[in-house]
Structures are given as structure tokens and as C-alpha cells.
Amino acid sequence: MHTVFPETDLKRVVIIGGGFAGIKLASELSKKQFQIVLLDRYNYHQFQPLFYQVATAGLEPSAISFPFRKNFQKQKNTYFRLTEVLKILPEQKQIETTIGQISYDYLVIAAGAKTNYFGMENIQKYALPMKSVGQSLALRNRILKNFELALATEDKKGLETLMNIVVVGGGASGVEVAGALAEMKRFVLPKDYPELNFNLLNIFLVEGSSKLLGGMSEKSSRHAQQFLTAMGVNVILGRQVKDYADNKVSLSDGTGIASHTLIWTSGITANTFEGIDAAVIGRGGRIKVDAFNRVLGQDTVFAVGDIALQAETNYPGGHPQVAPVAIQQAQHLAKNLGREQSGKAMKPFRYFNKGSMATVGRNKAVVDLGKIHFKGFFAWFVWMLIHLMSIVGVKNRVLTLINWCWNYFTYDQSLRLIIKAEENVSEAEQ
């Protein structure tokens, strides 16, 4: 079965994935003479940098999610299909999906990455990742439900297990969620649960390397650790998590931490598809591409964003898997496809690193802009401004800004809801 689209003389560009790269590419190509088809298993774009705020009850999912169909209302010749890709058939210029076969003139794989559990089955089974809005909601439910259970727990060991939270991964996501939890512990949770002694709540941040924020400067790493330590977070460096069983996190030095909540932000691996030659799959499952983001050995198949492994002089091992890279690659590829359509030669991609940043908490952030480093309130303000302007949709920006202002002045997010899916739909409708 073939999925039907309007007849046109325009060349069709099929984009797999509606993350930063996919949605930017669709937007840029809509200004050119192409038919654009975006495929995603969700019907909305998710703003990943703020997943941790959904997980810690700082924002509602709707504030960082934006429906593709609404985004494409004013984009001519742009179509969306809710589906999952099963197989890519480069020789036939087709892909197999759960809604049928789709043909293409150009295929762009922008499917991003998923959580990497490094082959540890118990971690994959019991840890809580934070790579989607749904997973962030599940994490929020777990955290809040643990406090409800703690109210009914008399066993000292059981109470310790419920009150300990372990975050694994010292990158931006790990640092940000640990900082947000520390602020909840200080400003929010004691008001909601006055019967609980929150001196018993311990937040652990475990990082296998010798520093936090490995992709940032030594100053940023040091300042982030100082901020977190001052906020009461137990930072553990140079030790890896080896297992998680019976509510115990086992570390590489033989020690363990009793915890009912293990938050996993340690590493990602690219999403893969049947039909892609194994010879072009590189480190982390990423697809090797040339200087034009074209998959090696292919003429009409491209890859951008986290899933693409593109080596250049300053990044011989590939670009960092961050949003700015994805956005710049998408913008450049749109221009290159336009050039090729006009009979002009494509231009190689060069990444311009505008800097990196991470927030730790209220008035606490670190920013690297080349050799310039700054921290504290100004860094925090810059972080907020850039993230706010990057959110898709004016309404979403306004909602996020209102929530942030309310939280800043009241020290209270007021969004601590445990929302669970109903098991029986017919009962829920009665």
C-alpha cells in the first residue's frame, strides 16, 4: 500500500523526525520549490532542553510541545504523517512505514537519538529516562508518588529508599534536573508535605568522568559543581553505575545507594533503521555523512542532527549532539538542495559554535562563549532568554514566561499533579 499525497511536479523531500533538525529543514524548504513530507511517531514537536522542567513540575507539557499540523498551516506543499519508519529502500527511493510505502526524491534522516543504557538490562528496565515529554511526565509521577508513599512508611530503611533520588550523568540534563530537585527540596516540597522531614531527602548526581559538563570549559565545570554542592546535591565523580536491582544503585567502587528513583541522563545512541548499510554506521550508532550531509554511498539520502556523524577539521570525531548543530545543518542542507535544484554545486557544511550553557538553578548558570566565560545571574538570564526564544509558538513562549515569572517571585510552581493514563478507556468515559 502506498501513502497518497497530492499530485505535483515538485520533487518530494521526505524528512524522518520532527526534532530541531527536522522542523527547521521543513520550514526552510517550504520557501523553495519542493513538496515536503515530515514523518514522526508523535504529532508534535518537543522542546528537549526543558524536559527536566516538566519532570520537576516547573512546566506543563503543553508549554514545550507544538503540533506539527498547526506549525505547517501556513507552509505551502508541506504535509505531516503520524507513523513509524520500518525500513528504508534506497535503491527504490522508498521507505516502508506503519501506514504504507512512501516514495521520495530526497530522503533526510533527522530521527535524533535515544537513551543509551550501555547494555545494562536492569538499568534499561527500571531506570527513568528523560528523552520525551511522556518520559518526563512518568518521572514527575514517580517523584511525587514517592512522597505520598513516604507519608505512610514507618520503616526507616524504606523511608530512606523513597527519599533518595539518584541522577546519573553529569551533562547539562543531569546538572539541570539535579539543581531543579534541590530547589524543590528547599522551597516547595516542605510546604506540600509538612509531615515529612526533608533533611532526609538526598539528591545524588553520579558522573563517571572526573568533571561535570564535559563539553564545557573547566571553569564552567567547576562553578557548576560549586553551585550544586552549595544547594545540597551530593556530587559523585569518577564512579560509574554498574547495576540497579532491589532499589539499590550499585557503583563501580563497590558502594551502593538505596533509592526508589534512578534518573538516567547518561549518554545517547542514535536511532537506527533497517536498510541503512552497516558499513556507514559509526560510533554511537550515528550515520556517516560527507561534507554535504549526504549518507556515504548514497546520492539522495541525507542525515542531519544527532543521528549524523560528520567529521570536519575542528571536529574529527563528529559534531557534538546538540541543538545548534542540528539547526545549522538543517539550514545548510535546505540551501544545498535549492542549489542542486538550480543546477549549482553544493557547498560543504561548517559548524559555527556560538557557545554552550547550562543552568543549575535560580540565578545560577554557566555560559561559555569562545574563550569568554561567565556565571551567576547574568548567565542565568541569558540562558532563559535564549531558551525562551527557541521555543516553537508564541503562545508556548508566553506560557513558559508566565510560569517562570510566577515561580521566580513565589518560589512555587503550582503544577505538582500526578497524572496517570487510564487503563480502561470505557470506564474513564463513563
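Being a predicted model, the structure only gives us computed values, none of them experimental.

Undergrad: Explanation requested: the overall build of the protein chain in the structure shown.
TA: Helix and strand counts for the protein chain come out as twelve helices and 24 strands. Here the C-alpha atoms of the protein chain give a radius of gyration of 23 Å, agreeing with the 22 Å that 2.2 N^0.38 yields for 430 residues. Across the 430 residues that make up the protein chain, the buried fraction comes to 51%. Within the protein chain, counting contacts between residues at least 6 apart in sequence, those at least 24 apart form 64% of the total. Surface exposure of the protein chain reaches about 20,600 Å², of which carbon and sulfur atoms provide 51%. Averaging the locations of the 48 positively and 36 negatively charged side chains of the protein chain gives two centres separated by 9 Å.

Undergrad: Sorry if this is basic, but what is going on with the sheet that holds strand S6 (residues 85–89) here?
TA: Paired through their backbone hydrogen bonds, the strands of a sheet run either parallel or antiparallel. One open sheet holds the three strands; their spatial order is S6-S7-S8, and the pairing between them is antiparallel. Of all the strands in the sheet, the pair left with one neighbour each is S6 and strand S8 (100–103). The sheet shows a mean angle of 20 degrees between the axes of neighbouring strands, direction not considered.

Undergrad: Got a minute to help me understand the pairing of strand S23 (residues 364–369) in this structure?
TA: The side chains of a regular strand alternate, first on one face of the sheet and then on the other. In this sheet, S23 lies alongside strand S22 (residues 356–361) in antiparallel orientation, the contact comprising five bridges. Looking at the pairing, Met357 lines up with Val367 of S23. Hairpin connection of S22 to S23: two residues between the antiparallel strands, including Asn363 at a positive phi of 60 degrees. Pairing of S23 with strand S24 (residues 372–375) involves four bridges; the strand directions are antiparallel. The partner of Leu369 across the bridge, within S24, is Ile372.

Undergrad: I'm lost on the sheet that holds strand S15 (residues 248–251) in this one. Help?
TA: What the three strands build is an open sheet, ordered S14-S15-S16; its pairing is antiparallel. Both outer strands of the open sheet, strand S14 (241–245) and strand S16 (256–258), are each paired with one neighbouring strand and no more. Averaged over all adjacent pairs, the angle separating strand axes in this sheet is 15 degrees, with direction ignored. Of the pairings in the sheet, the one linking S15 to S16 comprises three bridges and is antiparallel in character. Counted as the bridge partner of Ser250 is Gly256 from S16.

Undergrad: Sorry if this is basic, but what is going on with a nonpolar patch on the surface here?
TA: Residues Phe377, Phe378, Phe381, Leu385 and Met389 make up a contiguous nonpolar surface patch of roughly 540 Å² in combined accessible area. Turning to its location among the elements, Met389 is positioned in helix H10 (residues 377–390).

Undergrad: Would you take a moment to explain the environment of Val301 for this structure?
TA: Relative to the helices and strands, Val301 resides in strand S20 (residues 301–303). When its relative accessible area of 1% is taken as the criterion, Val301 is described as buried. Residues Val301 and Ala172 lie 129 residues apart in sequence; the distance between their C-alpha atoms is 32 Å.

Undergrad: Help me understand the pattern of salt bridges in this model?
TA: A side chain with one charge may pair with a side chain of the opposite charge, provided their charged atoms come close. For the coordinates displayed, the defined rule picks out eight salt bridges. Between Lys31 and Glu28 there is a salt bridge, and its shortest N-O distance comes to 3.6 Å. Lys31 sits in the exposed class, given a relative accessible area of 61%. For Glu28, a relative accessible area of 17% puts it in the buried group.

Undergrad: Is there a simple way to explain the nonpolar core in this structure?
TA: Soluble globular proteins tend to pack their nonpolar side chains together in the buried interior. Counting 86 residues, the largest nonpolar core has Ile15, Leu50, Phe147, Leu181 and Leu337 as its most contacted members. Of all the elements, helix H7 (residues 172–192) adds the most residues to this core, at eight residues. Discounting chain neighbours no more than four positions away, the residues touching Leu50 are Leu59, Ile64, Trp383, His387, Ile391, Thr400 and Trp404. By size, the runner-up hydrophobic cluster in this structure holds 23 residues, among which are Ile276, Val280, Val289 and Val301.

Undergrad: Is there a simple way to think about the side chain of Thr300 in this case?
TA: Here Thr300 is to be found in the loop between strand S19 (287–288) and S20. If we skip the residues at most four places from it in the chain, Thr300 touches Lys93, Tyr104, Asp105, Tyr106 and Leu107.

Undergrad: It is not clear to me how the pairing of S6 should be interpreted in this structure. Could you clarify?
TA: Across four bridges, S6 lies against strand S7 (residues 94–97) in antiparallel orientation. Within S7, the position partnered with Val85 by the bridge is Thr97. Linking two consecutive strands that pair antiparallel, namely S6 and S7, is a turn of four residues; a positive phi of about 55 degrees is found at Lys93 within it.

Undergrad: So what exactly am I meant to see when it comes to the confidence of the model for the protein chain here?
TA: The predicted coordinates should not be examined in detail at positions where pLDDT is low. Averaged over all residues, the pLDDT of the protein chain is 92; the fraction at 70 or higher stands at 97%. Per-residue pLDDT stays below 50 along residues 425–430; that stretch engages in one contact with residues further than four places along the chain or on separate chains.

Undergrad: Whenever I open this one, the side chain of Arg12 confuses me. Can you help?
TA: Relative to the assigned elements, Arg12 resides in strand S1 (residues 11–16). Despite its burial, Arg12 remains without a salt bridge, the nearest opposite charge being carried by Asp105 at 6.1 Å.

Undergrad: Honestly, the packing of aromatic side chains in this entry has me stumped. Any pointers?
TA: For any pair of aromatic rings, the description consists of the separation of the ring centres together with the inter-plane angle of the planes. Under the counting rule described, the total for this entry stands at 16 aromatic pairs. For the ring pair Phe147 and Phe198, a centre distance of 5.6 Å and an interplane angle of 70 degrees mean the geometry is edge-to-face. Here Phe198 lies in the loop between H7 and strand S12 (202–207) and Phe147 lies in helix H5 (residues 133–150), a separation of 51 residues in the sequence. Each member of the pair, Phe147 together with Phe198, is buried. Ring centres of Phe377 and Phe381 lie 6.5 Å apart, and the angle between their planes is 25 degrees; on these two criteria the pair is classed as stacked. One end of the pair is Phe377 and the other is Phe381, both in helix H10 and four residues apart, which spans about a single turn. According to the relative accessible area criterion, Phe377 is partly exposed, its value standing at 47%. In this structure an aromatic cluster arises from ring pairing among Phe34, Tyr106 and Phe302. Between Arg362 and the ring centre of Phe187, over which it is positioned, the NZ or CZ distance is 5.7 Å.

Rules used throughout
Residues numbered from 1 in each chain as written. Predicted model: local features only at pLDDT ≥ 70, side-chain atom pairs only at ≥ 80, totals over all residues. Heavy atoms only, no water. Helix = DSSP H or I, 4+ residues; strand = E, 2+ residues; numbered from the N terminus. Rg over C-alpha atoms; globule rule 2.2 N^0.38 Å. Buried < 20%, exposed > 50% of the residue type's maximum accessible area, 1.4 Å probe, protein only. Contact = heavy atoms within 4.5 Å. Areas by Shrake-Rupley, 256 points an atom, 1.4 Å probe, with all protein chains shown as cover. Lys, Arg positive; Asp, Glu negative; His and termini not counted. Charge placed at Lys NZ, Arg CZ, Asp CG, Glu CD. Pairing = 2+ DSSP bridges. Axes fitted to C-alpha atoms, helices over the stretch in contact; angles between N-to-C directions. Patch = residues over 30% accessible without salt bridge, like charges linked within 9 Å, V, L, I, M, F, W, Y side chains within 5 Å. Salt bridge = Lys/Arg side-chain N within 4 Å of Asp/Glu carboxyl O. Core = buried A, V, L, I, M, F, W, Y, C linked by side-chain atoms within 4.5 Å. pLDDT = per-residue confidence, 0-100. Phe/Tyr/Trp six-rings, centres within 6.5 Å; stacked < 30°, edge-to-face > 60°. Lys NZ or Arg CZ within 6 Å of the ring centre and 35° of its normal.

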